[in-house]
Amino acid sequence: MLVRFWGTRGSLPVAQTAAIVQDKIASALLAASGRSFADFEEAREFARDSLDFAIGGSYGGATTCVEIEARGAKQVDDAFIVCDMGSGLRSFGLDAMRRCAAGHARVYHFFMSHLHWDHIMGFPFFVPAFDPNAHIIIHSGHADAETALRRQQEEISFPVAFDWLRAKIEFVTLETDTAYDIGGVQVELMEQHHSHSSFGYRFTDADGKVTVFSTDSEHKMETMAGEADVEHFFREADLVICDTMYSLADSVSMKEDWGHSSNIVAIDLCHAAKAKQLALFHHEPTYSDADIARMHAESIRYAELTRENVTLDVLCAYDGLEVVL
Ligand SMILES: [Zn+2]
Ligand SMILES: [Zn+2]
């Protein structure tokens, strides 16, 4: 199974400013002082491998969109599997058009965590929706997914109406407590604590590899005893992509009941579930790359301090990250 992150930010897309880029360049120049580089490639290698990621890279600013490529004998219909339609969907759509031109099937299975704006705003910019040969199936735990997508393309908000889209578009409402076989993977849903509710998805491919996509869910410290169902949902997953929008200090002070979780709670849940990897996800838009890198380092330290038998690898998702399971 291959998991490709097209958008990892929460709530609102974030763009780099000139000042941010200048700070990164200045920090890189300091880190490279006294060194010389033979060519661009060598300098690029230094930027990629020797600089801190917050200086030589960026977590990115597109909102949530994650692609799952299942592997194994049952992956026969070669459909795309995509979680959420945040602004990262735009880049996925352009890449998918290239892959379709090279022969990939024009079938898209979407799985929607929920219908908040940051999770659907990419759809009006999803080029395959204009492809008359494309078939788009939008799976959701919510029965009002079609209403949400049509509404954001009404004339008052957007110039291109939903009915102008040329692809064949279907909406499917999924139930919890059922295992579905869709696009060559087994899919299960879990309802989560969030405004208007959200749903987590557990994907299992024919090789038995498991990815859990669980964003926009508030797991509170004081109700951890009642989180046995979440622990079961995460059980022995190869990768858990989890909403870790706030640091613990933020989540227990001013941001309680905002519908999001902390890195600490996600690690506790993954440890209890014996998950193998956790990807921090749905980054707070006001956090800088350095803030997110600090939270990542603290998360690794906390996971090491509290681990029991199974080692949990803590990744920090960024736009463009690919994880092979
Ligand atoms: Zn969100
Ligand atoms: Zn939300």
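Remember, predicted model here, so these are calculated numbers, not experimental data. (Residues numbered from 1 in each chain as written. Chains lettered and ligands numbered in written order. Predicted model: local features only at pLDDT ≥ 70, side-chain atom pairs only at ≥ 80, totals over all residues.)

Chemist: Is there a simple way to explain the overall build of the protein in this structure?
Modeler: Looking only at helices and strands, one finds ten helices and 14 strands in the protein. A compact globule built from 325 residues should have a C-alpha radius of gyration of about 20 Å, and the protein, at 20 Å, falls within 12% of that. Its C-alpha atoms put the protein at 60 × 50 × 45 Å along the principal axes. By residue count, 43% of the 325 residues in the protein fall in the buried class. By sequence separation, contacts in the protein at least 24 residues apart represent 76% of the contacts at least 6 residues apart. (Helix = DSSP H or I, 4+ residues; strand = E, 2+ residues; numbered from the N terminus. Rg over C-alpha atoms; globule rule 2.2 N^0.38 Å. Buried ≥ 20, exposed ≤ 12 C-beta atoms within 10 Å, placed from the backbone. Contact = placed C-beta atoms within 7 Å.)

Chemist: What's the story with the sheet that holds strand β12 (residues 277–281) in this structure? I'm lost.
Modeler: Strand pairing in a sheet is mediated by backbone hydrogen bonds. Such pairs are either parallel or antiparallel. Ordered in space as β7-β8-β9-β10-β11-β12-β13, the seven strands form an open sheet in which the pairing is mixed. Taken across any chain shown, the strands that pair with only one partner, and hence form the sheet edges, are β7 (180–182) and β13 (313–316). When strand polarity is set aside, the average angle formed by the axes of neighbouring strands in this sheet is 25 degrees. Alignment of strand β11 (residues 239–243) against β12, held across four bridges, turns out to be parallel. The residue of β12 that forms the bridge with D243 is F281. Strand contacts of helix α9 (residues 263–273): β11, β12 and β13, with the helix running at about 160 degrees to β12, the strand carrying the most contacts. Sheet strands in contact with helix α10 (residues 289–306) are β12 and β13, and its direction is about 175 degrees off that of β13. (Pairing = 2+ DSSP bridges. Axes fitted to C-alpha atoms, helices over the stretch in contact; angles between N-to-C directions.)

Chemist: Help me out: how do you make sense of the packing of α9 against α10 in this one?
Modeler: Helix-helix packing is characterised by the crossing angle of the two axes and by the distance between the axes. One way to put it is that α9 packs onto α10 with a least axis distance of 10 Å and a crossing angle of 35 degrees. Between α9 and α10 the crossing geometry is right-handed. Contacts from N263, I264, I267 and H271 of α9 reach α10 at M295, S299, Y302, A303 and T306. Classifying every residue of the contact of α9 with α10 by side-chain character gives five nonpolar, four polar and no charged. (Left-handed = near helix turned anticlockwise from the far one by under 90°. Nonpolar A, V, L, I, M, F, W, Y, C, P; charged D, E, K, R; others polar.)

Chemist: Would you mind going over the sheet that holds strand β14 (residues 322–324) with me for this structure?
Modeler: Pairing is mixed in the open sheet, where seven strands are placed in the order β6-β5-β4-β3-β2-β1-β14. This sheet does not close on itself; its edge strands, each paired only once, are β6 (168–173) and β14. For this sheet, the mean angle separating the axes of adjacent strands, direction not counted, is 20 degrees. Direction of pairing for strand β4 (residues 107–112) relative to strand β5 (residues 135–140): parallel, over a ladder of six bridges. From the neighbouring strand, F110 faces β5, where its bridge partner is I138.

Chemist: What exactly am I supposed to notice about the environment of A43 here?
Modeler: Assignment of secondary structure puts A43 in helix α2 (residues 40–49). As a C-alpha pair, A43 and L325 span 282 residues in sequence and 30 Å in three-dimensional space.

Chemist: Sorry if this is basic, but what is going on with the pairing of strand β3 (residues 80–83) here?
Modeler: The side chains of a regular strand alternate between the sheet's two faces. Of the two faces of β3, the one lined by F80 and V82 and the one lined by I81 and C83 are each fully buried. Across three bridges, the pairing between strand β2 (residues 65–69) and β3 is antiparallel. Bridging across to β3, V66 finds its partner in C83. For the crossover that starts at β3, traverses helix α4 (residues 89–101) and ends in the parallel β4, the hand is right-handed. (Right-handed = clockwise from strand over helix to strand, strands pointing away.)

Chemist: Explain the pairing of β6 to me, please; I cannot follow it from the model alone.
Modeler: Pairing analysis gives six bridges linking β5 to β6, with the strands arranged parallel. In the strand pairing of β6, H139 is matched with V172.

Chemist: How do you make sense of α9 when you look at a structure like this?
Modeler: Helical geometry note: an α-helix holds 3.6 residues per turn, so side chains three or four residues apart project in the same direction. Most of α9 sits out of view: nine of its eleven residues are buried. Phi turns positive one or two residues past the end of α9, at K274, with a value near 55 degrees.

Chemist: What is the right way to read unusual backbone geometry from this model?
Modeler: Trans is the prevailing form of peptide bonds, just as negative phi is the prevailing case for residues other than glycine. For E236, which is not a glycine, the phi torsion comes out positive at approximately 50 degrees. Residue position: E236 is located in the loop between α7 (228–234) and β11. Taking the number of C-beta atoms within 10 Å as the measure of exposure, E236 has 11 and is therefore exposed. If you check the backbone angles, H282 has positive phi at about 60 degrees while not being a glycine. Mapped onto the secondary structure, H282 falls in the loop between β12 and α10.

Chemist: What is the right way to read the environment of G7 from this model?
Modeler: Residue position: G7 is located in strand β1 (residues 2–7). Accessibility expressed as a C-beta count within 10 Å gives 31 for G7, which makes it buried. In this structure, the C-alpha to C-alpha distance between G7 and A228, residues 221 residues apart in sequence, is 29 Å.

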